[in-house]
Amino acid sequence: MGVTSVTDGTTGSQASATAVSLPALTIGPYALDLPVVQAALSGYSDWPMRHLARRMGAPYTICEVMLDHFVTSLRDRARTRRFLMLTDDDHPAAAQLMGADPAAFPAAARRLVDAGFDVIDINFGCPVKKVLGRCRGGYHLGQPDVAMEIMHRVRDAVPPSVPVTVKMRRGIDLSAESRDRFDRILEGAFDAGIDAVTVHARTVQQRYAGRADWEFLKQLRDNWPQHTILGSGDLHTAGDCVRMIRQTGVSGVTAARGSIGNPWIYQQCRALLAGRPLPPPPSVHEQRDVMRLHFACILQVYPQKLACGRMRRFSLRYADWHPQREQVRKDFIAVRSQDDWMHVMKRWYDTDQPGRYPSEPAERHSGAGTDAGEQACRSSDADSGP
Ligand SMILES: Cc1cc2nc3c(=O)[nH]c(=O)nc-3n(C[C@H](O)[C@H](O)[C@H](O)COP(=O)(O)O)c2cc1C
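As the structure is a prediction and not an experimental result, all values here were calculated from the model. (Residues numbered from 1 in each chain as written. Predicted model: local features only at pLDDT ≥ 70, side-chain atom pairs only at ≥ 80, totals over all residues.)

*Asks:* I would appreciate a short explanation of the overall build of the chain in the present structure.
*Replies:* Secondary structure assignment for the chain yields 16 helices and 12 strands. By residue count, 50% of the 386 residues in the chain fall in the buried class. Sequence-distant contacts, at least 24 apart, represent 69% of the contacts inside the chain between residues at least 6 apart. (Helix = DSSP H or I, 4+ residues; strand = E, 2+ residues; numbered from the N terminus. Buried ≥ 20, exposed ≤ 12 C-beta atoms within 10 Å, placed from the backbone. Contact = placed C-beta atoms within 7 Å.)

*Asks:* Looking at this structure, how should I read the packing of helix α4 (residues 105-114) against helix α6 (residues 144-157)?
*Replies:* The relative placement of two packed helices is expressed as an angle between their axes plus a distance between the axes. It is the contact of α4 with α6, at a shortest axis distance of 9 Å, that shows an interaxial angle of 40 degrees. One element, α4, and the other, α6, form an angle in the oblique class. For the element pair α4 and α6, the recorded crossing hand is right-handed. Contact residues: Phe-105, Pro-106, Ala-109 and Arg-110 in α4; Ile-150, Arg-153, Val-154 and Ala-157 in α6. (Axes fitted to C-alpha atoms, helices over the stretch in contact; angles between N-to-C directions. Parallel < 35°, antiparallel > 145°, perpendicular 65-115°, else oblique. Left-handed = near helix turned anticlockwise from the far one by under 90°.)

*Asks:* What should I look at first to understand helix α9 (residues 238-248) in this one?
*Replies:* Working note: α-helix, 3.6 residues per turn, so residues spaced by three or four point in the same direction. Burial analysis of α9 places nine of its 11 residues in the buried class, which makes it a mostly covered element. For α9, the full list of buried residues reads Ala-238, Gly-239, Asp-240, Cys-241, Val-242, Arg-243, Met-244, Ile-245 and Thr-248. Of the residues trailing α9, Gly-249 is marked for its positive phi of about 75 degrees.

*Asks:* What is the right way to read the pairing of strand β11 (residues 228-232) from this model?
*Replies:* Side-chain direction in a regular strand flips from residue to residue, so the side chains alternate between the two faces of the sheet. Most of β11 sits out of view: five of its five residues are buried. The side-chain alternation of β11 yields two buried faces, one formed by Thr-228, Leu-230 and Ser-232 and the other by Ile-229 and Gly-231. Sheet topology places strand β10 (residues 196-200) next to β11; five bridges connect them, and they run parallel. Each residue of the ladder has a partner; that of Ala-196, found in β11, is Thr-228. For the handedness criterion, the β-α-β arrangement of β10, helix α8 (residues 214-223) and β11 is classed as right-handed. Where β11 and strand β12 (residues 252-255) come together, two bridges link them in parallel fashion. Within β12, the residue paired with Gly-231 across the bridge is Val-253. (Pairing = 2+ DSSP bridges. Right-handed = clockwise from strand over helix to strand, strands pointing away.)

*Asks:* Even after reading the chapter, I still don't get the nonpolar core, so can you show me in this structure?
*Replies:* One broad trend across soluble globular proteins is that nonpolar side chains are buried collectively. Of all hydrophobic cores here, the largest spans 104 residues; its most connected members are Met-66, Leu-97, Ile-120, Val-197, Cys-241, Val-253 and Cys-269. In this structure, this core is formed jointly by two domains, domain 1 (3-280) and domain 2 (284-356), each of which donates at least three residues. (Core = buried A, V, L, I, M, F, W, Y, C linked by C-beta atoms within 7 Å. Domains from an automatic or database assignment.)

*Asks:* Can you walk me through the environment of Gly-171 in this structure?
*Replies:* Mapped onto the secondary structure, Gly-171 falls in the loop between β9 (164-169) and α7 (176-191). Residues contacting Gly-171, with those up to four places away along its chain left out, are Leu-141, Ser-178, Arg-179, Arg-181, Phe-182 and Thr-203.

*Asks:* I'm lost on the confidence of the model for the chain in this one. Help?
*Replies:* Any residue range with low pLDDT should be treated as having predicted coordinates unsuitable for detailed reading. The predicted model of the chain has a mean per-residue pLDDT of 90, with 87% of residues at 70 or higher. In this model residues 366-383 is a low-confidence stretch, pLDDT under 50, and it forms 30 contacts with partners more than four residues away in sequence or in other chains. (pLDDT = per-residue confidence, 0-100.)

*Asks:* I'm lost on the environment of Gly-99 in this one. Help?
*Replies:* Residue position: Gly-99 is located in the loop between β7 (93-98) and α4. Those residues in contact with Gly-99 that sit more than four places away from it in its chain are Leu-67, Asp-68, Ala-104, Phe-105 and Arg-136.

*Asks:* Got a minute to help me understand the pairing of β9 in this structure?
*Replies:* Taken across its six residues, β9 has six buried, putting it largely inside the fold. Where strand β8 (residues 119-124) lies against β9, five bridges are found, and the strand directions are parallel. Bridging across to β9, Phe-124 finds its partner in Met-168. The pairing of β9 with β10 spans five bridges and is classified as parallel. Of the residues in β10, the one forming a bridge with Thr-165 is Ala-196. Where the polypeptide runs from β9 across α7 and back to β10, its parallel neighbour, the crossover connection is right-handed.

*Asks:* Would you take a moment to explain the environment of Pro-144 for this structure?
*Replies:* Tracing the backbone shows Pro-144 in helix α6. Sequence separation of Pro-144 and Ile-185 is 41 residues, and the distance between their C-alpha atoms is 5.5 Å. Apart from residues no more than four positions distant in its own chain, Pro-144 is found in contact with Arg-181, Arg-184, Ile-185 and Gly-188.

*Asks:* Is there a simple way to explain unusual backbone geometry in this structure?
*Replies:* Trans is the prevailing form of peptide bonds, just as negative phi is the prevailing case for residues other than glycine. Between His-91 and Pro-92 the backbone carries a cis peptide bond, its omega angle lying at -5 degrees. Assignment of secondary structure puts Pro-92 in the loop between α3 (77-84) and β7. Located in the positive-phi region is Cys-135, a residue other than glycine, with phi close to 60 degrees. By secondary structure assignment, the location of Cys-135 is in the loop between α5 (129-133) and α6.

*Asks:* So what exactly am I meant to see when it comes to the packing of α8 against α9 here?
*Replies:* Interaxial distance between α8 and α9 falls to 9 Å at its minimum, and their mutual angle equals 50 degrees. Comparing the axis directions of α8 and α9 gives the class oblique. Crossing of α8 against α9: the hand is right-handed. Contacts from Trp-214, Leu-217, Lys-218 and Arg-221 in α8 reach Met-244, Gln-247 and Thr-248 in α9.

Rendered as structure tokens:
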């Protein structure tokens, strides 16, 4: 097994180079060359975001969550393309499934494999009220027997060569009973042949409040050293990703909110992991080129009337890298059409100049995170998601 050199990537260019050797991240047969992957993000990690992430150095990506019955009922050509699109450059890619009834998972999992997805990920983490009310997502953390039945059914439904993975939170709440159930599900997952588990180190009850408990991830790593465990929670920058790996020893991390409007995070992690300082922030022309590509990908799979709103959502986050962030954001907020978008691009991105690292994580997350994140979960493509 290869080793990855890990350094303590702090912010800015002053990253120190304290190298630590870690096993490379593997998910079933896939040996990934970077232990930082694109997280599942409802309302964001659609094909355009994932395709771009792969082109920008992500070794592996996970789709927005999809409901089991949504997957099995997908017929319409344009929508099938939008939700199940994969190109040769996108592999390995995971599709994430969510549902209530264990019996509904196998057909959906097989459909996703037939569509070309390399890994099936099961969602036991979503904390949105409506999702919990329908006994989906994080609800399963409170019922280990059902969770285990889902894992077994999915594992049995897809070919042995297709890894099955699980996304969890650290429990329903902080009670001892919840911890006991979490442990039972984790142990059951590994017994069932689940290839990797991603743990968001907050409880379902916490949603996005407070800090993710990285110490919890370290304990998991110490208790299950032979299994692939990915960490999630509060990874706002490349430095955070590297710090989580170093502090907790997890096999890898999933870049979530920190990857929105920031496909550069993978290159930045690569630099830090190789003991180099953070690269300079992308110049305005580099930003422009990535944004144009992102919009072109969006236009390939979304109808025109949805495409502009989708790109605006990302553009507000891309603007964080622009030296005139405030004015650029203001202009993007007013965008209503593709022409408007191109006009803003011409105004702010035609002249090249050095970019800037977003100064505070809070600044980057003013637009997507807790409430906005859940809003995305609740409303975006409501038919596909929770
Ligand atoms: C807008 C938004 C959508 C999300 N959608 C999903 C999802 O579809 N599936 C999933 O497993 N986790 C989802 N998550 C959780 C993230 O993958 C991640 O675990 C969480 O945001 C914590 O990481 P962070 O603090 O680094 O953002 C979502 C989070 C946000 C903010």
